[in-house]
Amino acid sequence: MAGGQPEREDKVSLEITEEILQSMEVGMTFRDYSGRISSMDFHKTSNYLVTASDDESIRLYDVANATCLKTINSKKYGVDLVSFTSHPTTVIYSSKNGWDESLRLLSLHDNKYLRYFKGHRDRVVSLSLSSRKEYFLSGSLDRSVLLWDQRADKCQGLLRVQGRPATAIDEQGLVFAIAFGGYIRMFDARNYEKGPFEIFSVGGDLSDANIVKFSNDGRLMLLTTTDGHIHVLDSFRGTLLSTYNVQPVSSSSTLEASFSPEGMFVISGSGDGSVYAWSVRSGKEVASWMSTDTEPPMIKWAPGSLMFVTGSSELSFWIPDLSKLGAYVGRK
């Protein structure tokens, strides 16, 4: 990126091939939800996964053992978005009751609220935490993005936006992105008051931003929009590398996409409930899994793992079928 950008480290992860992707299938499913899953997050350094659902539950899973460790109900406030802090049993989540837009810092260990973050006046549609820093971002339909410190009740900064915002913080916690109105604005986390140091266009797609994310090594970013587009950009130059197209989503749904751990592939839901995978290098579709669902699933790749999860009215863990992989056949 151009001058003014903080230095960022590179990070290497495992290699995933097209053959591995094409062999992925559901290995485990949890069907005990009575509403759609609205958000999911993996903890960066533990084996935990947390989900939020329209049935007003927050659930903690041990991924290594494929077990649900705990279910906490948020009947009073509802729950929409949920993200881990750096601690594996502490989360921040947004409300879904229409009258209280506060964010809450919750200990899953003993089901205690540790802090409330009050400031938004409409539904929070984006929540981004840094795994290395104490600050986090929340974006709302009130057309604001607030910057918070997990250790303080009051917001540390406010940025006005002209539309529904999507936010992301890079792996180092040095750069954050805010997407709306067909552009991604890049900020130095230490000097955000000066405004964006870069503004990237996504090729005239003016539909509402849904999700913006950095790849693990920070070199790439993706943006999904309600028109069913997944844009992949070089996060240093802003070059639009590829645009993948799926079925559009309704204003009440979220089109989520995720980079594979090493950033070579993108997986995404679709407005028709299907799941697709593309190669970042070639820009071509490499795998797809059809569905009878009518809404896009939440979708997240497990950090450093040959597994991704999808969340709809049930939670599914996807893993490779090693019997389909020539390199693995015959191995013990």
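Keep in mind that this is a model prediction, so the values were computed, not measured.

Conventions and cut-offs
Residues numbered from 1 in each chain as written. Predicted model: local features only at pLDDT ≥ 70, side-chain atom pairs only at ≥ 80, totals over all residues. Heavy atoms only, no water. Core = buried A, V, L, I, M, F, W, Y, C linked by side-chain atoms within 4.5 Å. Buried < 20%, exposed > 50% of the residue type's maximum accessible area, 1.4 Å probe, protein only. Helix = DSSP H or I, 4+ residues; strand = E, 2+ residues; numbered from the N terminus. Contact = heavy atoms within 4.5 Å. Pairing = 2+ DSSP bridges. Axes fitted to C-alpha atoms, helices over the stretch in contact; angles between N-to-C directions. UniProt positions renumbered as here; feature names shortened; annotations may be inferred. Polar contact = N/O pair within 3.5 Å; in protein donor to acceptor, adjacent residues only side chain to side chain.

**Considering the nonpolar core**
Okay, so step 1: Counting residues in each nonpolar core, the largest one holds 17 residues, and the members touching the most others are A179, I184, M186, V212, F214, M221 and L223.
Okay, so step 2: Breaking this core down by element, the ones donating at least two residues are β14 (166–169), β15 (175–180), β16 (183–188), β18 (209–214) and β19 (220–225).
Okay, so step 3: Apart from the residues lying within four places of it in its own chain, the contact partners of L223 are A179, I184, V202, A209, I211, V212, H229, I230 and H231.
Okay, so step 4: F265, I267, I299 and F308 belong to the second-largest nonpolar core, a separate cluster that totals 16 residues.

**Considering the sheet that holds strand β13 (residues 157–160)**
Okay, so step 1: Taken together, the four strands give an open sheet; going across it, the order is β10-β11-β12-β13, and neighbouring strands pair in antiparallel fashion. The open sheet has two edge strands, β10 (124–129) and β13, and neither has a second partner. Strand after strand, the sheet turns through a mean of 15° between neighbouring axes, direction not considered.
Okay, so step 2: Pairing analysis gives six bridges linking strand β11 (residues 135–140) to strand β12 (residues 144–149), with the strands arranged antiparallel. In the strand pairing of β12, L137 is matched with L147.

**Comments concerning unusual backbone geometry**
Okay, so step 1: For A66, which is not a glycine, the phi torsion comes out positive at approximately 50°.
Okay, so step 2: For A66, the position within the fold is in the loop between β4 (57–62) and β5 (67–73).
Okay, so step 3: For A66, a relative accessible area of 23% corresponds to the partly exposed category.
Okay, so step 4: Phi angles above zero are rare outside glycine, and R143 is one such case at about 65°.
Okay, so step 5: Following the sequence through the fold, R143 ends up in the loop between β11 and β12.

**Structural notes on the UniProt feature "repeat: WD" (unreviewed entry) in the chain**
Okay, so step 1: UniProt's feature table lists "repeat: WD" (unreviewed entry) at residues 30–71, 117–149 and 258–288, given in the numbering used throughout.
Okay, so step 2: In residues 30–71, the share of helix is 0% and the share of strand is 57%. The end C-alpha atoms are 13 Å apart.
Okay, so step 3: Along residues 258–288 the backbone is 0% helical and 48% strand, and the end-to-end C-alpha distance reaches 14 Å.

**Focus: the side chain of S215**
Okay, so step 1: Its place among the elements puts S215 in the loop between β18 and β19.
Okay, so step 2: Among the residues examined, S215 registers a relative accessible area of 3% and is labelled buried.
Okay, so step 3: Side chain to side chain, S215 and D217 meet in a polar contact 2.8 Å long.
Okay, so step 4: In contact with S215, other than residues within four places in its own chain, are L220 and F259.

**Section: the side chain of T226**
Okay, so step 1: Note on placement: T226 falls in the loop between β19 and β20 (229–234).
Okay, so step 2: Judged by its relative accessible area of 14%, T226 is buried.
Okay, so step 3: Discounting chain neighbours no more than four positions away, the residues touching T226 are S207, D208, N210, P248 and V249.

**Quick notes on the sheet that holds strand β9 (residues 112–117)**
Okay, so step 1: Within the open sheet, the four strands sit side by side as β6-β7-β8-β9. Their pairing is antiparallel. The sheet is open, and its two borders are formed by β6 (82–84) and β9, each paired with just one other strand. The mean angle between the axes of side-by-side strands here comes to 25°, regardless of whether they run parallel or antiparallel.
Okay, so step 2: Sheet topology places β6 next to strand β7 (residues 90–94); three bridges connect them, and they run antiparallel. From the neighbouring strand, F84 faces β7, where its bridge partner is V91.

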